[in-house]
Amino acid sequence: MVAMRSTSAATSAATAPDIATVLRIAAPAPEHAGEVLTVQRAAYVTEAQRYCAPGILPLRETVEQIRADLEGAGPTLVARAAWIGPRLVGSVRGRVEGQAMEVVRFTVAPDLQGGGVGRALLAALHAAAPPQVRTFWLVTGGRSEDNKRLYRAAGYEIVGTALDDAGVELVRMERPRG
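Residues numbered from 1 in each chain as written. Predicted model: local features only at pLDDT ≥ 70, side-chain atom pairs only at ≥ 80, totals over all residues. Heavy atoms only, no water.

## Examining the packing of helix α3 (residues 33-50) against helix α5 (residues 63-71)
To be explicit about the condition: The angle between two axes is taken between their N-to-C directions and runs from 0 to 180 degrees, where each axis is a line fitted to C-alpha atoms and a helix contributes only its stretch in contact. Each helix is a run of H or I in the DSSP string that is no shorter than four residues. Each strand is a run of E no shorter than two, and both are numbered from the N terminus. In this scheme, roughly parallel covers angles under 35 degrees and roughly antiparallel covers those over 145, while 65 to 115 is roughly perpendicular and the rest are oblique. In this scheme the handedness of a crossing depends on how the near helix is turned from the far one: anticlockwise by less than a right angle means left-handed, clockwise means right-handed. Any two residues having at least one pair of non-hydrogen atoms within 4.5 Å are treated as being in contact. For this classification, Asp, Glu, Lys and Arg are treated as charged, while Ala, Val, Leu, Ile, Met, Phe, Trp, Tyr, Cys and Pro are nonpolar and the rest, including Gly, are polar.
Direction vectors running N to C along α3 and α5 enclose 120°, while the axes themselves pass 9 Å from each other. Classed by the angle they form, the pair α3 and α5 counts as oblique. By crossing handedness, the relation of α3 to α5 is classed as right-handed. Where α3 abuts α5, its residues Ala 33, Gly 34, Val 36, Leu 37 and Gln 40 lie against Val 63, Ile 66, Arg 67 and Leu 70. Residue composition of the contact of α3 with α5, by class: 6 nonpolar, 2 polar and 1 charged.

## Notes on the packing of aromatic side chains
This is how the line gets drawn: For Phe, Tyr and Trp, where Trp contributes only its six-membered ring, two rings pair if their centres lie within 6.5 Å, and the inter-plane angle classes them as stacked under 30 degrees, edge-to-face over 60, or tilted in between. Both a distance and an angle decide whether a charge sits over a ring: NZ of Lys or CZ of Arg must be within 6 Å of the ring centre and within 35 degrees of the ring normal.
Applying the stated criterion across every chain, the model contains 2 aromatic pairs. Put simply, the rings of Phe 106, Tyr 151 and Tyr 156 touch in pairs and so form one group of aromatic residues. Positioned above the aromatic ring of Trp 83, the side-chain terminus of Arg 24 is 4.4 Å from the ring centre. Of note, Arg 172 hangs over the ring of Trp 137, and the distance from its end group to the ring centre comes to 3.8 Å.

## Overview of the UniProt feature "domain: N-acetyltransferase" (unreviewed entry) in the protein
Here is the rule: UniProt positions are given in the numbering used here, feature names are shortened, and annotations may be inferred rather than shown by experiment.
Mapped onto this structure's residue numbering, the UniProt feature "domain: N-acetyltransferase" (unreviewed entry) falls at residues 23-178. Taken as a whole, residues 23-178 contains 33% helix and 35% strand, while its terminal C-alpha atoms sit 24 Å from one another.

## Structural notes on the nonpolar core
Note the following rule: Each nonpolar core is a collection of buried residues, namely Ala, Val, Leu, Ile, Met, Phe, Trp, Tyr and Cys, held together in the definition by side-chain atoms within 4.5 Å. The rule is simple: take the accessible area with a 1.4 Å probe, protein chains only, and divide by the maximum for that residue type; under 20% is buried, over 50% is exposed, in between is partly exposed.
Grouped together as the largest cluster of nonpolar side chains are 25 residues, with contacts concentrated most on Met 101, Val 103, Phe 106, Val 117, Tyr 151 and Tyr 156. When residues of this core are traced back to their parent elements, those giving at least two are β2 (77-84), β3 (87-97), β4 (100-108), α6 (117-128), β5 (135-141), α7 (145-153) and β7 (169-176). Setting aside anything within four residues of it in sequence, one finds Val 103 in contact with Val 92, Arg 93, Leu 122, Leu 125, Trp 137, Leu 138 and Tyr 156. Membership of the second largest hydrophobic core comes to 11 residues, among which are Val 36, Val 39, Ala 81 and Ala 109.

## Considering the pairing of β3
Spelled out, the test is: Strand pairing is assigned whenever DSSP identifies at least 2 bridges connecting the two strands.
Within β3, 8 of the 11 residues are buried, which leaves the element mostly enclosed by the surrounding structure. By the bridge criterion, 7 bridges tie β3 to β4 in an arrangement that is antiparallel. Considered in β4, the bridge of Glu 97 is made with Ala 100. Linkage of β3 to β4, two consecutive antiparallel strands, is achieved through a turn of 2 residues, within which Gly 98 is found at a positive phi near 65°.

## What to know about the pattern of salt bridges
For clarity, the threshold we go by: Whenever Lys or Arg places a side-chain nitrogen within 4 Å of a carboxyl oxygen from Asp or Glu, that contact is recorded as a salt bridge.
Counted under the stated rule, the structure contains 9 salt bridges. A salt bridge links Glu 174 to Arg 172, with the nearest nitrogen and oxygen atoms 3.0 Å apart. In this structure Glu 174 comes out as partly exposed when scored by relative accessible area, which is 25%. Each of Glu 61, Asp 69, Arg 93, Arg 95 and Arg 105 takes part in salt bridges that share partners, so that together they form one network.

## Here we look at the sheet that holds strand β1 (residues 23-26)
The 7 strands lie next to each other as β1-β2-β3-β4-β5-β7-β6, forming an open sheet whose pairing is mixed. Among the strands making up the open sheet, the edge pair consists of β1 and β6 (157-163). When the angles between neighbouring strand axes are averaged without regard to direction, this sheet yields 25°. One ladder, built from 7 bridges, connects β5 with β7; its direction is antiparallel. By the bridge assignment for β7, Thr 140 is matched with Val 171.

See below:
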């Protein structure tokens, strides 16, 4: 997830109404793929700039790929999105393999980052995981301190590092279900 926020976003989050009272979280339908892609690109461009890596995977994903993912939601893919009124403001997908779920494409609209949307989405994904899931895991940029802080607050711990195909140092974080 891209958790960076600017001063204006921090001010906006501080003066906005309590996010819990206006946020609606549900499974996105395939017809939401374009909105999911728009928020995803807006959120991940900051990460791409931070690492001078415009080719990171979330920026290469297409609307067709997202639509196919959302059409295939079921036992091996859980998706959640957040709306404020008619506006889709964030989304996350979880890929299930055995007893583990990988948290992927976790995004929040840049103007709302730091206001609780990400925490709510992550909690909704955890709650929607199939019963056999015992461990959640994800990767985030090694220099993405706000992201790591959010994940630590949700119970994740760093368990390893790697380089992605764009040369970005990533950290792998995990947390048990519960």
